[in-house]
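Single-letter residue listing:
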Amino acid sequence: MARRALGVFFGVPMLVAVVMTAVDSYRRRGKKPKPFPSDPPGDVTIGDGAVRTYTYGQDLYDDMLAAIEDAEQQILFESYIWKGDEVGEQFKRALTDAAARGVEVYAIYDGFANLVVSPLFKRFGPRLRVMEYPVYNAGWRFFDLRRYGRDHRKILVVDDKVGFVGGYNVGTAYATEWRDTHVRITGPGVADLKRAFADFWNLHRRAEHGRRPLLLETASDWEPRIRVHRNVPRLWMFPIRAMYLEAIARAYSHIYMTHAYFIPDSDFVEALTSAARRGVDVRLLVPATSNHVVADWLSRGYYGQLLSSGVRIFLYQGAMVHAKTSTIDGRWSTIGTANIDRLSMTGNYEINVEFIDRELAAQMERIFETDLSNAQELKREEWDSRGVHKKFTEMVLAPLRPFL
């Protein structure tokens, strides 16, 4: 009886999730997202370097490809999704050309995220050192939960000059159809991105990746206003969640958060609701409809508690907002790859950059205001009056929250 009850408890939500995903995929066929407002790339000087923010994919790709073309010594490229489409081919050609002129090129992509990419695209020349992070990485250690995280990071580092990090994957649709956020960093912060890439490569390299580890000589100097945080499930390290909780606990004026998938744990919900109850202006921007319908429904299960405590929720309209950003009190900001869900907070390899700088925070607030111009606020009265079928669906799917 216990086994049957457990099977029903998890089996029914899984079945509902599969059906919902199939129906949603059918409904999306042939549909294009609507145009959305975006800010031009903006530069902020921090110490001996600069940070440029991107909110439109084509702007980002142009600068990334230009950096690759200018590379003289080394390129480190890592992307969770690397599509085999027009944009993906542009990056593949740029990396291949760089290797042909003598630049040392390393590339990493996630095998599971690119299962649908043609095997022909994944054939790289011998001069490129390419790692496909395995679909199954546990080997005979199938009980070792540390070996099941996906490589969800997006990094590009060129020489010692420039580094890129943020939410954008590589693909044609992301260039113009998705609203995301990325940054370009110059100065001492580049060294931390180089170390992040090298540590991942060395942790997961196999015989086909060469006998020697990837050794990098990085500057000993560092910029205290720019801090790189990495989730490393293999080492049971998850500092990004702690970074968020500490920053929210310190908030006294306002918290502006933009997240593609928002499925928080109880501590995270408590942190946000406590901030709202003590008078902090807490605003959460999420997609009205994301590319993962189940994630949308799981996220809605938290709306009632958030709204009742005073958190304001805004639903982005017409296009997918894929950003993973927050800014607090006009002083603190973070931009990176981690969503607010279990997979990102305590599951996948992620990387977020923490900025403690007023000028960058002001820029992030301007970006947030631009996004709000394309969003509708969800009011408490509207939420409470939703249909019984919606409340029932939220209840049925609730057991899946701890897994996503």
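Residues numbered from 1 in each chain as written. Predicted model: local features only at pLDDT ≥ 70, side-chain atom pairs only at ≥ 80, totals over all residues. Heavy atoms only, no water.

S.K.: A description of the overall build of the chain should follow, citing residues and the corresponding values.
M.R.: From N to C terminus, the chain includes 13 helices and 18 strands. Relative to its 404 residues, the chain shows a buried fraction of 54%. Put simply, 77% of the contacts in the chain that link residues at least 6 apart link residues at least 24 apart. (Helix = DSSP H or I, 4+ residues; strand = E, 2+ residues; numbered from the N terminus. Buried < 20%, exposed > 50% of the residue type's maximum accessible area, 1.4 Å probe, protein only. Contact = heavy atoms within 4.5 Å.)

S.K.: Account for the nonpolar core, with residues named and values stated.
M.R.: Of all hydrophobic cores here, the largest spans 79 residues; its most connected members are Y61, I75, W82, F91, I255, L306 and I313. Excluding residues within four positions of it along the chain, I255 makes contact with I248, A275, V280, D281, V282, R283, T327 and I328. Counting residues in each nonpolar core, the second largest holds 32 residues, with Y106, V183, V190 and I351 among its members. (Core = buried A, V, L, I, M, F, W, Y, C linked by side-chain atoms within 4.5 Å.)

S.K.: Provide a residue-level description of the sheet that holds strand 12 (residues 281–287), including the pertinent values.
M.R.: The 8 strands lie next to each other as 10-17-16-15-11-12-13-18, forming an open sheet whose pairing is mixed. Two strands in the sheet have a free side with no partner beyond their single neighbour: strand 10 (226–231) and strand 18 (375–378). Taken over all neighbouring pairs, the strand axes of this sheet differ in orientation by 15° on average, direction set aside. Here strand 10 pairs with strand 17 (residues 350–356) via 6 bridges, running antiparallel. Of the residues in strand 17, the one forming a bridge with H229 is N352. (Pairing = 2+ DSSP bridges. Axes fitted to C-alpha atoms, helices over the stretch in contact; angles between N-to-C directions.)

S.K.: Outline the sheet that holds strand 9 (residues 182–186), supporting the account with residue identities and numerical values.
M.R.: Spatially, 1-2-9-7-6-3-4-5 is the arrangement adopted by the 8 strands of the open sheet, whose pairing is mixed. Sheet topology places strand 1 (42–46) and strand 5 (128–133) at the edges, where each strand pairs with a single neighbour. Strand-to-strand twist in this sheet, taken as the mean axis angle between neighbours without regard to direction, amounts to 15°. Examined bridge by bridge, strand 6 (residues 154–158) and strand 7 (residues 162–166) share 4 bridges and lie antiparallel to one another. Considered in strand 7, the bridge of V157 is made with G163. The strands that helix 2 (residues 57–69) touches are strand 2 (49–54), strand 3 (74–79), strand 6, strand 7 and strand 9; relative to strand 7, the one it contacts most, it runs at about 145°.

S.K.: Run through the pattern of salt bridges, naming residues and quoting values.
M.R.: Side chains that differ in sign of charge can pair as their charged atoms come close. A full pass over the atoms with the stated rule returns 18 salt bridges. The salt bridge involving D43 is made with R52; its shortest N-O contact spans 2.7 Å. The class for D43 is partly exposed, based on a relative accessible area of 42%. You can call R52 buried: its relative accessible area is 19%. Taken together, the salt bridges that share partners define one network made up of D43, R52 and D63. (Salt bridge = Lys/Arg side-chain N within 4 Å of Asp/Glu carboxyl O.)

S.K.: Tell me what's going on with the packing of aromatic side chains, and back it up with residues and numbers.
M.R.: Applying the stated rule across the entire model yields 23 aromatic pairs. With 5.4 Å between their ring centres and 35° between their planes, W82 and F124 make a pair best called tilted. Of this pair, W82 sits in the loop between strand 3 and helix 3 (86–100) while F124 sits in the loop between strand 4 (104–110) and strand 5, placing them 42 residues apart in sequence. The pair W82 / F124 is uniform in exposure class, with both members buried. (Phe/Tyr/Trp six-rings, centres within 6.5 Å; stacked < 30°, edge-to-face > 60°.)

S.K.: Give a detailed account of a nonpolar patch on the surface, specifying residues and quantitative values.
M.R.: A cluster of nonpolar residues, F112, L115, V116, V135, Y136, F142, F143, L145, Y148 and W236, forms a patch on the protein surface that exposes about 1200 Å² of accessible area. Here Y148 shows up in the loop between strand 5 and strand 6. (Patch = residues over 30% accessible without salt bridge, like charges linked within 9 Å, V, L, I, M, F, W, Y side chains within 5 Å. Areas by Shrake-Rupley, 256 points an atom, 1.4 Å probe, with all protein chains shown as cover.)

S.K.: How would you explain the pairing of strand 9 if you had to name every residue and give the values?
M.R.: Looking at chain direction, strand 2 and strand 9 are connected through 4 bridges and run antiparallel. Residue pairing for strand 9: R52 is matched across the bridge by R184. Two strands pair when backbone bridges link them, and strand 7 and strand 9 are joined in this way by 5 bridges, in the antiparallel orientation. Residue pairing for strand 9: G166 is matched across the bridge by H182.

S.K.: Please set out the UniProt feature "domain: PLD phosphodiesterase" (unreviewed entry) in the chain residue by residue, giving values where relevant.
M.R.: Residues given the UniProt feature "domain: PLD phosphodiesterase" (unreviewed entry) here are residues 147–174 and 317–344. Across residues 147–174 one finds 11% helix and 36% strand; the C-alpha atoms that close the span lie 29 Å apart. Along residues 317–344 the backbone is 11% helical and 43% strand, and the end-to-end C-alpha distance reaches 24 Å. (UniProt positions renumbered as here; feature names shortened; annotations may be inferred.)

S.K.: Can you explain unusual backbone geometry? Please cite residues and give values.
M.R.: Positive phi is not limited to glycine here, since D159 has a value of about 50°. In this structure, D159 sits in the loop between strand 6 and strand 7. On the accessibility criterion, D159 (6% relative accessible area) is buried.

S.K.: Tell me what's going on with helix 7 (residues 266–277), and back it up with residues and numbers.
M.R.: Here helix 7 spans 16 Å end to end across 12 residues, near enough to the 16 Å set by a 1.5 Å rise per residue. Among all positions of helix 7, only F268, V269, A271, L272, T273, A275 and A276 are buried. The inward-facing, buried residues of helix 7 abut helix 6 (239–250), strand 11 (254–259), strand 12 and helix 9 (303–309). Capping the start of helix 7 is the job of one residue whose side-chain oxygen sits 3.1 Å from the backbone nitrogen of D267: D265. Just beyond helix 7, the residue with positive phi is G279, at close to 100°. (Expected span 1.5 Å × (residues − 1). Polar contact = N/O pair within 3.5 Å; in protein donor to acceptor, adjacent residues only side chain to side chain.)

S.K.: So what about the packing of helix 2 against helix 3? Which residues, and what values?
M.R.: One way to put it is that helix 2 packs onto helix 3 with a least axis distance of 9 Å and a crossing angle of 15°. Compared by their axis directions, helix 2 and helix 3 come out roughly parallel. Here helix 2 and helix 3 pass one another in a crossing that is left-handed. Residues Y61, M64, L65 and I68 of helix 2 pack against V87, Q90, F91, A94, L95 and A98 of helix 3. The residue inventory of the contact of helix 2 with helix 3, partitioned by class, reads 9 nonpolar, 1 polar and no charged. (Parallel < 35°, antiparallel > 145°, perpendicular 65-115°, else oblique. Left-handed = near helix turned anticlockwise from the far one by under 90°. Nonpolar A, V, L, I, M, F, W, Y, C, P; charged D, E, K, R; others polar.)

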